[in-house]
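Close look at the chain arrangement
Next come the chains, spelled out residue by residue.
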Amino acid sequence: MLQIAQLNKSYENHQALTEVDLFVPKGVVFGLLGPNGAGKTTLIRIVNQIIEQDSGSVELDGKVLSPDDIRKIGYLPEERGLYKKMKVWDQLVYFSRLKGLSESEAKIQIKHWLEKLDIATWKDKKIEDLSKGMAQKVQFISTIVHRPSLLILDEPFSGFDPVNAEIIKNEILELKAKGTTVILSTHRMESVELLCDQVAMINKSRKILDGTIREVKRSFRPEVFQVGIANPTQDLPKEWVPKFSGDAWEFTLPLSGKAPNQLLSELMEYGDVVLFREQIPSMEEIFIHQVKASAHE
Ligand SMILES: Nc1ncnc2c1ncn2[C@@H]1O[C@H](COP(=O)(O)OP(=O)(O)OP(=O)(O)O)[C@@H](O)[C@H]1O
C-alpha cells in the first residue's frame, strides 16, 4: 500500500529523517512509534504532502505519490484543526467537499457517521460549544468521511474518556476489516498491543526496528521463565528467591543456554511444576529499552 524508501529530511541544521525505509502492507494497522522528536510527524507530513522530503521516495499503491492521492488519505493530526465558529454539520460538509465528495454523497456519509457515533443531535452546534471529546469525535468523522484507503491517525485517543476511546478503537478495527490501511502514531503502548499488526520504531531520525508485534516481541525476549512449584520434594535453591503465593513457590529463572524442556525436566525434580511460562516483554518495555539503549550511542 505504502512504500517509503531512503527518506531524508532536514530542517535548517536538524536532521529529522535519515534514510528511512518503510513498507506498510494493505489492510493492516501499522504502529508508527518513537519518542518525542524522533521524526514521526515529519514522516506523516511528507506522506500527506504538507512538506517535501529532501530525498527518497514515497509510493502509494505502487505509484509515486501525487497531489491526487490526498483524496485517498485521511489524516487526523495531533494538533486538531476544526473551525471553532462553524457548526458541526457545515464543517463536515466543508471537509467532505474538500476531499472530493459530491454534496449529496457528503450528506449521506455525514448523517451515517453522526448517527453511528451517537452525535447526530449536535449537528447544529458550533465547535466552540462542544466538549473536547465531542469535538474529537467530529474531527474523527472529518478524517474518515471520504472513505480513505489510507488512514493516518496521530494520537487518535487523546481527549477521549475510556468509553469513547473504546468506541474509536472499534471503529478503527471495523475500518481495517473493510480493507482500510491504518497508520497509528501513538505513545500509548497498550493501544499498540491491542490494535497494531505491525510496528516500526523511529528514534533520532532513523528507523531502529520494524516487524509484526510477534516478531518484535520474539526478538526481545529475555529467555527468562516464570516458574511455580507446588508440593516441593526438596529445598529450592535460595538463589532462586522463591516466594510462596499461597498455592506454590514462585520465582523466575533464566534459561542460561538450556533448552526450555531441559530446564523443565530439571525443575520437575523439585516438585509439581504448576507454572512454566516464558516472560514476553510488553511493547512498553521494548520501547523503553530501545530508547534507553540508543541514548548511550
Ligand atoms: N518546522 C520545523 N523546523 C525546524 N525543526 C523542526 C520542524 N518540525 C520539526 N522539527 C524538529 O524535527 C525533529 C522531529 O520532529 P517531529 O515533529 O517529526 O517528531 P515526532 O516524532 O513527531 O515527535 P512527537 O512525538 O513529540 O510528536 C524534532 O527535533 C523537531 O524539533
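Here, the structure is the one placed above.
Quantities reported herein were computed from a predicted structural model and do not represent experimental measurements. (Residues numbered from 1 in each chain as written. Predicted model: local features only at pLDDT ≥ 70, side-chain atom pairs only at ≥ 80, totals over all residues.)

1. Observations regarding helix 3 (residues 103–116)
Along its 14 residues, helix 3 runs 20 Å from first to last C-alpha, staying within 8% of the 20 Å computed at 1.5 Å per residue. By the burial criterion, the buried members of helix 3 are Ala106, Ile110, Trp113 and Leu114. Seen from one end, helix 3 has its buried residues packed into an arc of 100°, which puts them on one side. Structural note: helix 3 exposes Ser104, Ile108 and Glu115 on the side pointing more than 90 degrees away from its buried face. (Helix = DSSP H or I, 4+ residues; strand = E, 2+ residues; numbered from the N terminus. Expected span 1.5 Å × (residues − 1). Buried ≥ 20, exposed ≤ 12 C-beta atoms within 10 Å, placed from the backbone. Arc of directions from axis to C-beta.)

2. Looking at the packing of helix 2 (residues 88–98) against helix 4 (residues 132–144)
One way to put it is that helix 2 packs onto helix 4 with a least axis distance of 9 Å and a crossing angle of 25°. Between helix 2 and helix 4, the crossing angle belongs to the class labelled roughly parallel. Taken as a pair, helix 2 and helix 4 cross one another with a handedness that is right-handed. Note on element contacts: helix 4 touches helix 2 through Val138, Ile141 and Ser142, opposite Val88, Gln91, Leu92 and Phe95. (Axes fitted to C-alpha atoms, helices over the stretch in contact; angles between N-to-C directions. Parallel < 35°, antiparallel > 145°, perpendicular 65-115°, else oblique. Left-handed = near helix turned anticlockwise from the far one by under 90°. Contact = placed C-beta atoms within 7 Å.)

3. Some thoughts on the environment of Gln3
Along the polypeptide, Gln3 turns up in strand 1 (residues 2–11). Under the C-beta neighbour-count criterion, Gln3 is labelled partly exposed, with 16 such atoms within 10 Å. Between the C-alpha atoms of Gln3 and Val58, which are 55 residues apart in sequence, the distance is 5.8 Å. Those residues in contact with Gln3 that lie beyond four places of it in its chain are Phe23 and Glu59.

4. Thoughts on helix 2
Along helix 2, the positions that sit buried rather than exposed are Val88, Gln91, Leu92, Phe95 and Ser96. Axial view of helix 2: buried residues confined to an arc of 130°, hence all on one face. Against helix 3 and helix 4 lie the buried residues of helix 2. One or two steps after helix 2, the chain reaches Gly100, where phi turns positive at roughly 95°.

5. Quick notes on the packing of helix 2 against helix 3
Relative to each other, helix 2 and helix 3 sit at 125°, their axes nearing to 9 Å. Accordingly, the angle class assigned to the pair helix 2 and helix 3 is oblique. Crossing geometry of helix 2 relative to helix 3 is assigned as right-handed. Of the residues in helix 3, those touching helix 2 at Trp89, Leu92, Val93, Ser96 and Arg97 are Glu103, Ala106, Gln109 and Ile110. Residues that form the contact of helix 2 with helix 3 fall into these classes: five nonpolar, two polar and two charged. (Nonpolar A, V, L, I, M, F, W, Y, C, P; charged D, E, K, R; others polar.)

6. Some details on the sheet that holds strand 10 (residues 206–212)
The pairing of strands in a sheet comes from backbone hydrogen bonds and takes either a parallel or an antiparallel form. The strand order 6-7-8-3-9-10 describes an open sheet built from six strands, whose pairing is mixed. Here the strands that pair on one side only, and so sit at the sheet edges, are strand 6 (73–76) and strand 10. When strand polarity is set aside, the average angle formed by the axes of neighbouring strands in this sheet is 15°. Packing of helix 4 onto the sheet brings it into contact with strand 6 and strand 7 (150–154), and relative to strand 6 it is tilted by some 160°. Its contacts with the sheet place helix 9 (residues 283–295) against strand 3 (29–33), strand 9 (198–203) and strand 10, and it is angled at close to 25° to strand 9. (Pairing = 2+ DSSP bridges.)

7. Some remarks on the site of the ligand
Close to the ligand lie Tyr11, Glu12, His14, Ala16, Gly34, Asn36, Gly37, Ala38, Gly39, Lys40, Thr41 and Thr42, which account for all nearby residues. Of all the elements in the fold, those that place two or more residues in the shell around the ligand are strand 2 (14–24) and helix 1 (40–47). Residues belonging to the shell around the ligand are distributed by class as follows: three nonpolar, seven polar and two charged. (Near = placed C-beta within 6 Å.)

By themselves, these are just geometric observations and shouldn't be taken as functional.
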